[in-house]
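One letter stands for each residue in the lines below.
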Amino acid sequence: MASKSRTAQEQLTKLEKASAPFADQLVEAAKFIGVDLNTLQSPADVATKTNNGDKSAIYHGREEWLLRWLLKKLQAGKDNVPRKTPMAWRLLNYLTTKLPRTIFAQLLVERKFTGILRQTLEEAQATVSGEVPTTDRSHRDSSSTLEDTSVRPSKKRKRSPELVGNTRSGKADGTHPLLEAIYTTLSSMVKSTKAINSTDGGVKSAVFAAEYTKTALRTTAQEAATILGLWLSLSSEVLKAQDYTLVHVSSWLVPFVEIWEIRAPDDSDLLLFSQHATQSLLGLLRSVHGPRSQRSDWLAQLEQLVARNIILPAKSEKLENKDSALLSTLTKVAVIQETANAAIFFEIAIRSIQTHGARRRRPQDDAWLQAVFTTLKDAFLLQRQEENSQALLAMLESAIKHKVDLELPLLRQITSTFALPEGPSDWSLVAALINLDANVFLIPDPERDLLMELLARITQVSIAPEWSDIAEKIALDVVAPLMSEFAKARDLSGFISHWYMQLIEFEKLLQEERLFSMYNFGAWEDGALQTQLNKLLEPSLTLQQITTILDWLETAVDEHPNAVSVILEAIAGSISREENVDALGLRLYHIMFDNGRSEKLNARYKWRSWRIISQTMRWAIGPALGEAGQLVEKAAKPFDELKKRSKLGTLLEIYDGNSVSLDCLEMLRCACATWAAADKETLLEKSSKKVVLGFLEQLARDLKMFPTDLMGDTELGRSECGYPLNTLYRDIGWMTWSFTRCVLEEYPGILTLALELEGTKTFTEMLQNIFWIASASALQPEDAGRIEWLYRNPDAFQHLWMDAIQNDIVLNSPPIIKAMINVILCQTSNTENPLVKQKTLNVFSMKSLLKLPLEVLSKDHRERVLTIWSAPPKDKLDAEDLKSIQSMCNPTLLSLKIKVMRRPTYYEGMCFQDFIRLVQIMSNVEDEDPKATVALLKEYVRLTIVQMTGNMDQVRDRTYISDAISDIKKILKSASSSKKEGGLAYPCITLVDTTLSVLRSKSMVLNDLDIISTTKLEKLSASLKEYLLDHFKILLKKAIKSSSKSASNSSANESIALLCTMDALAALGVTSLELQALEERAKTLANSESSKANDVLETGNRLDTFMTTHSEVIRLEDFGEQIHGNISTVYGRQSILEKVRAATSGKVEESKLLLLHSIFGAGFANMHHLDKLLAARYVIASCEDTRRPRTGDDDDKDFENQPFDLSFAYSALCGHLWKATDLRQFCLISETMELMLRTKGRSVSQWNIDSTLGSITIICSRNGPSLRSNNAGTIYLHLCHLMQAVLVSHRLKLQGHFHIVVQVMQTLLRCLFTPLPHSTTKTTKFLVPPPWLSSPKYQLGAKHAAAYARLVTLICDPSVSSVTRSQHNNLNSATDKAKGMAAQHMQYVLTSYIKLQLEMRMAPEIREKMIPGLYAIFDTTNMEMRRMISDSLDASGRAVYGTLFRDYQKFGKWKGS
């Protein structure tokens, strides 16, 4: 080693003298210490080498010499090649880890390592930005040992081949290897600053060594801030290179943050941090703050830097000195450079305040946040109006999110300066201000009336060119929330007054600008206001206030009818309470239409008058309807116009080419609402009937023309149906859909009137046209004949039709539903549909029939379904039919046939050949989901054969079964002769297997009726089994060959064929001896990758289950290892059940317990496996409920050495219940324990009961399992069910243990309460919610309170069976004794409820469900006990207790008959 080192040193000296490239020098330098540079390429390799290094050596002369040489090279000011060489830094990292910390720290201090680091980062930053690095004078002074640091263009060529490529590019990618090497080196050094105990020096030596390293990295505050700022800036460039993956990226910032933390103390360190690091820090923070950021793990580190070095010091200074300007000093420059930084500062300032639970912030904290907001806002440059508004919006959103209150003068200033400036308004800022504190506008300002200015601007912008782009935002985010704030301030009437005044102003603007035909609604005409008033009117205003508003509107309607119509429409749509309905009657109608007022309405508002009538008719009753009938009969205004309009030829009033006015839609809606509100045989019904019939005839004509318009060049518009539109005119397509929606969805009762339309086919044709459009909409986009309008609105008419056929009014009207079903059955194919014209099956008709209840399908309808969609013989098909007939195996059609066959259905010509033709079609069609298709086919065949064997006295049924048996014989004979050609397809196997399974169950009847003897039927089954065994062998062979190939349709068909064959063999009772020869092949296929990868069919798992359940011997010792499956699938659960059944069949109790012990595993290691838990549940269910005799030695044994029985198994489950890490695991264990409590009562011991109560208490405490909060309700219900099982089945074991029951009830009760925001009481601190109930978003509800109340009633009022033994003395009442015991203990639950009511919040619906339980507790108490309860409470508690007891006396106490 010495000779090699000497040679390397001599060679290194020669290279230095010859000015050789630095890369060559570095190679020889590494050889000097016996290291190959290639092993240091990766930081992970460096770490491995250093960890394995021998630090116990006494002499490190070579490493020390090389470190001095390397630091000298890195320190050279003129030559920057060493500093830009990543391998130099990796070698430095290696040396620092090989040398003792005291030695390398001393060398780093001598050579001013921090100065080297700073200069390296400056040069890297210059490379990235493409600038020449400059060195600050102060930095030169602090690193005087550096040689001349002025950088001039070098006349020498770059000698390092590694560096040349990086420096020429001038891109960030070239610096990545260098930055990674620097990070690795600094990371190792920072780790050395930690006091790690060593084997030789002890703790004291380790502490001193760590301090040595800190001294090497400690530098002035200015240099530390510069280093940190440079690294943060370079890190931003690293993020931009998305194709580069960094090593140890989560701790990328840690070493440089540590350098800043161990800096030399300086009075100006905060200012230096702000000057050198803040801008880079905030830039990086903005980069990682986005939701798509790849480095969100840096976010917390960066925010901590801002908080510790800017926010928290400024806060401390502010608390000591109110006039402190430190915050402004630290943040002003950053905000001036980038206004968005203000929002970051404010967000961090809010979240840096420590809060304890849900307690409110302290007053000084609120004052501090107010100061932060003001300071940041004052730093804005006025020239940046747009940037300032965006930053303020982000700050206000943070204030809204964290509920920060800001002073009203400040918000008003923001409103005046930024939200409502002299130029355009910032509506996002206005919306945020209203959301934060609407008092900015509601409380008058003597200097500037902001409310009136806001309302005026809203009105003015409604006619601006950009109105269509911002209309939705202003209506939903500004005007509607403003209405809500007025309602909260109990001044909704005031808002309505402002609304009225702005409508007048808007009308004036329309007149001045001549914009009465403006396409869009203004802000005050928007439907959002109608919707919002519907929510607020009756909850906010009394009947007297509503009447006052109507009186005022009645006086104003003559002068401003247009404005009044808008408000009247909103009020009409907001009335629902009975007292308001009785008092108002037709008041709104008279305000709008008396004295010819409606004739003064502008065409823009005319349609709203019709809406007032239709809305009124929705809630009008009694005398109001009688008055309406007289008005219609007399053709009073506006019903005379309604009659005239109903006699026209079409509903569509075309305006400007392809636009339609809203008047026609609202007139139709008005006529329908009037007729729908009328009682039968009343004047209103008779007088409005003709009008409605006229409109229905017009609708039928328009719908008849609509398919032609769809196929033609008619422009139907681009509006999407189903979305709210706020436009005065609508497209033809949207309007036609709205007409149809009005009849089918809003007023489906009108269809009963449509039956009386002139012409017997008018109503049918109308339904047919609607169904045609819906059917064409259901086609896939790639289908030919797809129309553009239908492509944009695929669900419009489909939803209307589906909603109509499921409407109760339609279903309860036999003529209507019969007509609709006939339309569906007449359109089973798309041949007659003019919009499609294809010879394909109409899938939409199948879906429609599936939605209908089976009760409405008559026998004729059911027979038509089976007849229409039955597969005809091949000789009767043409070429086009062959294509459409392939849809016969559609899963939707099979589901429909299954639904029909659930009731006896027989059609003419029904025979078994129908099934044979169906399976032939299925065999030749590529099925996307063969698993579902086979299951549907199996059920369809089973229902049919069961029906045909139900009454075989009839000739047709006997003939059907005889033909079926003959056809099966032919199929088996043909299959046996054509084995080499592939044999039976899987649909045919399913058909034959299912048919024979049903026939075998009816073998005695078939034998008695001489259809087929039992012997022949068994022989037929045996021949099928023989064939299937040979077929199974062939399929296994094929599957093994194709297992190495990629998945395809053929492999899917092979898998489903294999599964169908296995199911058939299992049904035929195949034995283990018959399958013995196929075990090896089956095992090979089950373990193949292709079988395991088939998640849909689960071929491997099902094959393994099949062979296991039919094996001759099942080993009980390792049975747990054989159990595996996905319990989230039906097949997975079924396979586990089949394996357990096979293993437990015919076994004695000891064998079953051995099986259960094997499933649990050694040390109960399998408790976390869901499939094992499910298998254990099945095994437990099969065990007998016996009590194991106890010996005297059992009590001396510990838990692990107890004999394994059901009691032991229950204890194991109970011990793992509160340790569950997954909801499914928790539910499986809980349900298994409940099963044992209810069905294995003899096996459950007293210890098991006490353990159950203890587990429930733990789960409801702060030490409960950390399950997801969105499953809180499920967890709570399972606990209640577990407790209920204990109370019902093991009540007697609770005697002497009722104190544990009370503890359980108190913890369950606590879960029904939510802590108050500012509660700091001992009770709330003690009763901390469990982890699964810690989220305020997911809390318990009424059904959980009902479950708890049920537990209380079971305790206080138990059933006789739960509290009596078989040898009970009937002279003493067991229930009275149980009630007395409950009374002594449940009083503590009652007092807990009262205390929690005072200190926490309970939802009203929960409180309502708790009442039966509270009354049950009161039923068990006497006067003396109630007095004791009252004395144990404080004054507030006694008040609550008194209220509860008075309610109990009034409503809950039984007073006799």
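Just so you know, these numbers come straight off a predicted model, no measurement behind them.

Things to note about the overall build of the protein
Part 1: Within the protein, the regular secondary structure consists of 74 helices and five strands.
Part 2: Each of the 1457 residues in the protein was classed as buried or not, and the buried ones make up 53%.
Part 3: Counting only contacts in the protein whose residues sit at least 6 apart along the sequence, the fraction spanning at least 24 positions is 77%.
Part 4: Carbon and sulfur atoms make up 50% of the accessible area of the protein, which amounts to about 67,600 Å² in all.

Topic: the pattern of salt bridges
Part 1: Throughout the structure, instances matching the rule amount to 43 salt bridges.
Part 2: For the salt bridge of Glu653 with Arg645, the shortest nitrogen-to-oxygen distance reads 3.0 Å.
Part 3: Since its relative accessible area comes to 33%, Glu653 is described here as partly exposed.
Part 4: In this structure, Arg1427 engages Glu1424 in a salt bridge whose closest nitrogen and oxygen atoms are separated by 2.4 Å. Of this pair, Arg1427 and Glu1424 both sit in helix 73 (residues 1423-1431), three residues apart, roughly one helical turn.
Part 5: In the salt-bridge network here, residues are joined through shared partners; they are Glu569, Arg608, Arg611, Glu666, Arg669, Arg741, Glu745 and Glu746.

As for the packing of aromatic side chains
Part 1: By the definition in use, this model includes 35 aromatic pairs.
Part 2: Judged by centre distance (5.2 Å) and plane angle (25°), the ring pair of Tyr183 and Trp252 falls under stacked. Of this pair, Tyr183 sits in helix 10 (residues 176-192) while Trp252 sits in the loop between helix 12 (221-240) and helix 13 (254-261); the two residues are 69 residues apart in sequence, bridging distant segments of the chain. A single burial state applies to Tyr183 and to Trp252, both of which are buried.
Part 3: An aromatic cluster is built from Tyr1415, Phe1418, Tyr1441, Phe1445 and Tyr1448, whose rings are joined through pairwise contacts.
Part 4: Over the face of the ring belonging to Phe521 we find Arg608, whose NZ or CZ atom lies 5.2 Å from the ring centre.

Re the sheet that holds strand 3 (residues 729-731)
Part 1: If you walk across this open sheet you meet the three strands as 1-2-3, and the pairing is antiparallel. Of all the strands in the sheet, just strand 1 (654-655) and strand 3 have a single pairing partner and so form its edges.
Part 2: In the packing of helix 35 (residues 662-677) onto the sheet, the strands contacted are strand 2 (659-661) and strand 3, and the crossing angle to strand 2 comes to about 45°.
Part 3: The sheet contacts of helix 37 (residues 732-746) involve strand 1, strand 2 and strand 3, and relative to strand 3 the element is tilted by about 90°.

Some words on unusual backbone geometry
Part 1: The linkage connecting Lys637 with the following residue, Pro638, adopts the cis geometry, with an omega of 0°.
Part 2: Along the chain, the position of Pro638 falls in the loop between helix 33 (623-633) and helix 34 (639-646).
Part 3: For Lys837, which is not glycine, the phi torsion reads 55° and is therefore positive.
Part 4: With respect to the secondary-structure elements, Lys837 resides in the loop between helix 43 (814-826) and helix 44 (843-851).
Part 5: Overall, the relative accessible area of 61% leaves Lys837 in the exposed class.
Part 6: Within the chain, Asp1010 stands out as a residue other than glycine whose phi angle is a positive 60°.
Part 7: If you trace the backbone, Asp1010 turns up in the loop between helix 52 (1003-1008) and helix 53 (1014-1042).

A few points about helix 72 (residues 1404-1420)
Part 1: Between its first and last C-alpha, helix 72 extends 25 Å over 17 residues, near the 24 Å set by a 1.5 Å rise per residue.
Part 2: In the structure, helix 72 departs most strongly from a straight axis at Ile1411, where the bend amounts to approximately 40° and where the proline Pro1412 lies between one and four residues downstream.
Part 3: Among the residues of helix 72, those classed as buried are Ile1406, Met1410, Gly1413, Leu1414, Tyr1415, Ala1416, Ile1417, Phe1418 and Thr1420.

Side note on the nonpolar core
Part 1: Membership of the largest hydrophobic core comes to 362 residues, with the highest contact counts inside it found for Trp499 and Trp801.
Part 2: Sequence-distant contacts of Trp801, that is, excluding residues within four places in its chain, are made with Leu767, Ile770, Phe771, Ala774, Met820, Val823, Ile824, Phe844 and Ser848.
Part 3: If you look at the next biggest cluster of nonpolar residues, it comprises 102 residues, including Leu1228, Met1305, Leu1351 and Ile1355.

A word on the environment of Tyr94
Part 1: Note on placement: Tyr94 falls in helix 5 (residues 86-98).
Part 2: For the pair Tyr94 and Val35, spaced 59 residues apart in sequence, the C-alpha separation works out to 9.6 Å.

Focus on a positive patch on the surface
Part 1: Taken together, the side chains of Lys1033, Lys1037, Lys1041 and Arg1081 define a basic patch exposed on the protein surface.
Part 2: It is helix 53 that contributes the most residues to the positive patch, three residues altogether.
Part 3: Within the element layout of this structure, Lys1041 appears in helix 53.
Part 4: By relative accessible area, Lys1041 is classed as exposed at 58%.

Section: the side chain of Lys377
Part 1: Summarising the element assignment, Lys377 is placed in helix 19 (residues 363-378).
Part 2: When its relative accessible area of 7% is taken as the criterion, Lys377 is described as buried.
Part 3: Beyond its immediate stretch of four places on either side in the chain, Lys377 contacts Leu392, Leu410, Gln413 and Ile414.

Brief notes about the environment of Thr415
Part 1: With respect to the element layout, Thr415 can be found in helix 21 (residues 408-419).
Part 2: If sequence neighbours within four positions are ignored, Thr415 has contacts with Leu420, Leu433, Val440, Phe441 and Leu450.

Re the confidence of the model for the protein
Part 1: Overall, the predicted model of the protein reaches an average pLDDT of 82, with 85% of residues at or above 70.
Part 2: Under a pLDDT of 50 for its full length, residues 132-172 has, in the predicted model, 56 contacts with residues more than four places off or in other chains.
Part 3: This stretch, residues 1192-1197, has a pLDDT under 50; its non-local contacts, to residues over four places away or in other chains, come to five contacts.

A look at the side chain of Thr828
Part 1: By the element assignment, Thr828 lies in the loop between helix 43 and helix 44.
Part 2: According to the relative accessible area criterion, Thr828 is buried, its value standing at 11%.
Part 3: Setting aside residues no more than four positions away along its own chain, Thr828 makes contact with Leu841, Asn842, Ser845, Ile868 and Trp869.

Examining the packing of helix 65 (residues 1246-1259) against helix 66 (residues 1272-1289)
Part 1: Helix 66 packs onto helix 65 with a crossing angle of 155° between their chain directions and a minimal axis gap of 11 Å. Here helix 65 is positioned roughly antiparallel relative to helix 66, judged by the angle of their axes. Crossing angle aside, the handedness with which helix 65 passes helix 66 is left-handed. Where helix 65 abuts helix 66, its residues Ile1249, Thr1252, Leu1253, Ile1256 and Ile1259 lie against Leu1279, Leu1282, Met1283 and Val1286.
Part 2: Each residue belonging to the contact of helix 65 with helix 66 can be placed in one class, and the counts come to eight nonpolar, one polar and no charged.

Side note on the packing of helix 58 (residues 1099-1109) against helix 60 (residues 1130-1144)
Part 1: Where helix 58 meets helix 60, the axes come as close as 9 Å, and the angle between the chain directions of the two elements is 15°. Looking at the two axes, helix 58 sits roughly parallel to helix 60. In this structure, helix 58 meets helix 60 at a crossing whose hand is left-handed. Between helix 58 and helix 60, the contacting residues are Asn1101, Arg1102, Asp1104, Thr1105, Thr1108 and Thr1109 on the first element and Tyr1131, Gly1132, Ser1135, Glu1138, Lys1139 and Ala1142 on the second.
Part 2: Broken down by class, the residue content of the contact of helix 58 with helix 60 amounts to two nonpolar, six polar and four charged.

Some points on the state of the cysteines
Covalent bonding between the sulfur atoms of two cysteines is what defines a disulfide.
Part 1: According to the stated counting rule, one finds zero disulfides in the structure shown.
Part 2: Looking at the unpaired Cys1311, the closest cysteine sulfur is the one in Cys1260, lying at 4.0 Å.
Part 3: Classification of Cys1311 as buried rests on a relative accessible area of 2%.

Conventions we followed
Residues numbered from 1 in each chain as written. Predicted model: local features only at pLDDT ≥ 70, side-chain atom pairs only at ≥ 80, totals over all residues. Heavy atoms only, no water. Helix = DSSP H or I, 4+ residues; strand = E, 2+ residues; numbered from the N terminus. Buried < 20%, exposed > 50% of the residue type's maximum accessible area, 1.4 Å probe, protein only. Contact = heavy atoms within 4.5 Å. Areas by Shrake-Rupley, 256 points an atom, 1.4 Å probe, with all protein chains shown as cover. Salt bridge = Lys/Arg side-chain N within 4 Å of Asp/Glu carboxyl O. Phe/Tyr/Trp six-rings, centres within 6.5 Å; stacked < 30°, edge-to-face > 60°. Lys NZ or Arg CZ within 6 Å of the ring centre and 35° of its normal. Pairing = 2+ DSSP bridges. Axes fitted to C-alpha atoms, helices over the stretch in contact; angles between N-to-C directions. Expected span 1.5 Å × (residues − 1). Bend = angle between axes of the 7 residues up to and from the residue. Core = buried A, V, L, I, M, F, W, Y, C linked by side-chain atoms within 4.5 Å. Patch = residues over 30% accessible without salt bridge, like charges linked within 9 Å, V, L, I, M, F, W, Y side chains within 5 Å. Lys, Arg positive; Asp, Glu negative; His and termini not counted. Charge placed at Lys NZ, Arg CZ, Asp CG, Glu CD. pLDDT = per-residue confidence, 0-100. Parallel < 35°, antiparallel > 145°, perpendicular 65-115°, else oblique. Left-handed = near helix turned anticlockwise from the far one by under 90°. Nonpolar A, V, L, I, M, F, W, Y, C, P; charged D, E, K, R; others polar. Disulfide = S-S within 2.5 Å.

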